[in-house]
Structures are given as structure tokens and as C-alpha cells.
Amino acid sequence: MSAAAAATVLENLPPSLDSTAEQPPLFDGTTRLYTAYICPYAQRVWITRNFKGLQNEIKLVPLNLQDRPAWYKEKVYPPNKVPALEHNGKIIGESLDLVKYLDANFEGPSITPDDPAKKQFADELLSYSDTFVGSVFSSFKGDVANEVDPVFDFLENSLSRFNDGPFFLGQFSLVDIAYIPFIERFQVFLSEVLKYDITEGRPKLAALIEEANKLEAYKPTKVDPKQTVEAFRKRLSAQ
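Residues numbered from 1 in each chain as written. Predicted model: local features only at pLDDT ≥ 70, side-chain atom pairs only at ≥ 80, totals over all residues. Heavy atoms only, no water.

Asker: Help me out: how do you make sense of the side chain of Glu156 in this one?
Answerer: Along the chain, the position of Glu156 falls in helix H6 (residues 144–158). For the buried Glu156, which has no salt bridge, the nearest side chain bearing the opposite charge is Arg202, at an N-O separation of 5.7 Å. A polar atom in the side chain of Glu156 sits 2.9 Å from the backbone nitrogen of Leu205. With sequence-adjacent residues up to four places away left out, Glu156 is seen in contact with Arg202, Pro203, Lys204 and Leu205. (Helix = DSSP H or I, 4+ residues; strand = E, 2+ residues; numbered from the N terminus. Buried < 20%, exposed > 50% of the residue type's maximum accessible area, 1.4 Å probe, protein only. Lys, Arg positive; Asp, Glu negative; His and termini not counted. Salt bridge = Lys/Arg side-chain N within 4 Å of Asp/Glu carboxyl O. Polar contact = N/O pair within 3.5 Å; in protein donor to acceptor, adjacent residues only side chain to side chain. Contact = heavy atoms within 4.5 Å.)

As C-alpha cells, this is what we get:
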């Protein structure tokens, strides 16, 4: 299925399973993505699934992370984190590994570049993604502008590397999938709570966000901004 065709798949999202929910059958031939609607790491894999048009091939099993079922840790995925994928009689975890796994093992538009220069830059940006996320989170109780200016400037400069499209590698790729869930949340929280606009003076980052918001694969995965603010306030108060 093409990316355009994938956009026509309208999906009724299932409710999140809590501690009272029964466990779905395990290893019955159904491919399941254990996820959480609030989780940016799980969102990476959800976007990949949608972009590749796999809504009918991979069933979403959303969990309530505040009241998750005991069977998930005991019988499905002992690390007790999301995302996790049930496929071909095994359970696989870790978001970026799963993004690559879906691209390599399922039909649909590729999110991996063929060009060697783009492949190398993709590896560099994927390696930097944890630094980016950690730097922004650690800034919440510090001098936000001084601490996050360098990391958002790094993204802006990275978006200048290729000029054949608005995304990190020009065309939409796994790099955008790695960053967009966090950019989405950081933009909301930094603007609403800490009065910092991540797009000010960064036109390429603004363009990336604008184009991402047009993607049918991404739209249904977006989080209610109020939920983002609430979740990040809790994180801030716990620091």
C-alpha cells in the first residue's frame, strides 16, 4: 500500500487496557503493537505502522501506563515498557529498533534512505536523538533558553543539510519519526509553561513541524496538548 493509500485507512482507536483488562491471546498469529497513546517512544512505531499502511496488518494494543495490566510484564514483555511488537512468535522492544524492524519486514513505503550520504547522516541524527531528548528534559528546571538553544539550533542546522524537501533527509524518513514525537511535546510544553518558542529564528524547524502536521500517518497519533502539559508538569515536580 502506498503512503497515499495509507492515508485513506480510517481507524477506530481501541481503548487503553488497565489492570482489570483481560490479556489478548498471545502468539495466535496476530501481529500486535503494544503501545500507549501518551508515550512518544511508542508513537514512533505507531507513525511507522501508519506510514507503511499496516493498519490492518498490525493491531494496536494500547495500555494505561498509570494502571497497566500485570499480565503485560508477567507474560508479554518483562521490561514492562512500551512499545513492544508481537510478531512471528516473538516479542521485540525498543522504539528505534522497532521502527527499523517494521521497515525491513513489512510491505509499504520505505523510510530508510538509499543515498549513502543520507544513510550516514541518518545514523548521526539517530545517535544524537537521546542527547536531544535528555538535554531538553534537563532544561526544565534550569535556564531554559541557554540550555535548549544549542540543541534546537543543532536541529535547525541539520535541516539545512539536504534541500530536496522539508524533512531531515529532505524526504520523510525514520529520522523524522525519531524526532517528531518529542518535538511535538517540547513545542507545547516549552511554549505554554516556560514561554519559549522553539521555532523563533528557526524557519526550517517551523517548516518541518508544518509539513509533519499534514501527514495522515502522524495526525491520529498526536497527543492532546493538555495531556502533554500535565505529564510534563508531573515530571518537572518529580525532578
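Asker: Quick question: what am I supposed to make of the pattern of salt bridges here?
Answerer: Pairing of side chains with opposite charge becomes possible as their charged atoms draw close. The tally for this structure, following the rule as stated, stands at eleven salt bridges. Connected through salt bridges with shared partners, the residues Asp28, Arg32 and Glu86 form a single ionic network.

Asker: Can you walk me through the packing of helix H2 (residues 40–51) against helix H4 (residues 95–105) in this structure?
Answerer: With their axes 8 Å apart at the nearest point, H2 and H4 run at an angle of 10° to one another. As summarised for this structure, H2 and H4 are arranged roughly parallel, according to the angle between their axes. In contact with Tyr41, Arg44, Val45, Thr48 and Arg49 of H2, H4 contributes Ser95, Leu96, Leu98, Val99 and Leu102. The residue makeup of the contact of H2 with H4, split by class, is six nonpolar, two polar and two charged. (Axes fitted to C-alpha atoms, helices over the stretch in contact; angles between N-to-C directions. Parallel < 35°, antiparallel > 145°, perpendicular 65-115°, else oblique. Nonpolar A, V, L, I, M, F, W, Y, C, P; charged D, E, K, R; others polar.)

Asker: It is not clear to me how the side chain of Thr221 should be interpreted in this structure. Could you clarify?
Answerer: Inspection of the secondary structure puts Thr221 in the loop between helix H8 (203–212) and helix H9 (225–238). A polar side-chain atom of Thr221 sits 2.9 Å from a polar atom in the side chain of Gln43. In this structure the side chain of Thr221 is engaged in a polar contact, spanning 2.7 Å, whose partner is the backbone oxygen of Tyr218. Setting aside residues no more than four positions away along its own chain, Thr221 makes contact with Gln43, Trp46, Ile47 and Asn50.

Asker: Hey, could you run me through the packing of helix H7 (residues 174–192) against H9 in this one?
Answerer: Closest axis-to-axis distance for the H7/H9 pair is 9 Å, and the angle between their directions is 75°. Put simply, H7 runs roughly perpendicular to H9. Here H7 contributes Arg185, Phe186, Val188, Phe189 and Glu192 to the contact with H9, which in turn contributes Pro225, Thr228, Val229, Phe232, Arg233 and Leu236. Per-class residue counts for the contact of H7 with H9 are seven nonpolar, one polar and three charged.

Asker: How should I be thinking about the sheet that holds strand E2 (residues 58–62) in this particular structure?
Answerer: Adjacent strands of a sheet form backbone hydrogen bonds with each other and so pair up, either parallel or antiparallel. Within the open sheet, the four strands sit side by side as E2-E1-E3-E4. Their pairing is mixed. Sheet topology places E2 and strand E4 (90–93) at the edges, where each strand pairs with a single neighbour. Adjacent strand axes in the sheet meet at a mean angle of 20° when their direction is disregarded. By the bridge criterion, five bridges tie strand E1 (residues 31–35) to E2 in an arrangement that is parallel. (Pairing = 2+ DSSP bridges.)

Asker: It is not clear to me how H6 should be interpreted in this structure. Could you clarify?
Answerer: Think of an α-helix as 3.6 residues a turn; residues three or four steps apart then line up on the same face. In a regular helix each residue adds 1.5 Å, so 15 residues correspond to 21 Å; H6 covers 21 Å between its end C-alpha atoms and thus fits that length. Approximately 30° is the largest bend angle found in H6, and it occurs at Pro150. Along H6, the residues that are buried comprise Val144, Val148, Val151, Phe152, Leu155, Glu156 and Ser158. (Expected span 1.5 Å × (residues − 1). Bend = angle between axes of the 7 residues up to and from the residue.)

Asker: Just checking my understanding: could you explain H4 for this structure?
Answerer: Regarding H4, the residues found buried are Ser95, Leu98, Val99, Tyr101, Leu102 and Asp103. Where H4 is buried, its residues contact H2, E2, strand E3 (84–87), E4 and H7.

Asker: It is not clear to me how the nonpolar core should be interpreted in this structure. Could you clarify?
Answerer: Nonpolar side chains tend toward joint burial in soluble globular proteins. If you look at the biggest cluster of nonpolar residues, it comprises 59 residues, and the most contacted ones within it are Phe132, Phe152, Tyr179 and Phe186. If you list the elements that add at least two residues to this core, you get H2, E2, H4, helix H5 (116–139), H6, H7, H8 and H9. Those residues within four positions of Phe152 in sequence are excluded, and the remaining contacts are Phe132, Val136, Phe186, Leu190, Tyr196, Ile198, Arg202 and Leu205. Ala21, Tyr34, Leu63 and Ala84 belong to the second largest nonpolar core, which has 14 residues in total. (Core = buried A, V, L, I, M, F, W, Y, C linked by side-chain atoms within 4.5 Å.)

Asker: So what exactly am I meant to see when it comes to the packing of aromatic side chains here?
Answerer: With the rule as written, the count across this model stands at 22 aromatic pairs. Aromatic pair Phe132 and Phe186: ring centres 5.6 Å apart, planes at 70°, arrangement edge-to-face. On the criterion of sequence distance, the pair formed by Phe132 in helix H5 and Phe186 in helix H7 is long-range, its members being 54 residues apart. In this structure Phe186 comes out as buried when scored by relative accessible area, which is 0%. Clustering of aromatic rings is evident, with ring pairs tying together Tyr41, Phe132, Phe137, Phe140, Phe152, Phe168, Tyr179, Phe182, Phe186, Phe189, Tyr196 and Phe232. The ring of Phe137 carries Arg235 above its face, with NZ or CZ at 3.6 Å from the centroid. (Phe/Tyr/Trp six-rings, centres within 6.5 Å; stacked < 30°, edge-to-face > 60°. Lys NZ or Arg CZ within 6 Å of the ring centre and 35° of its normal.)

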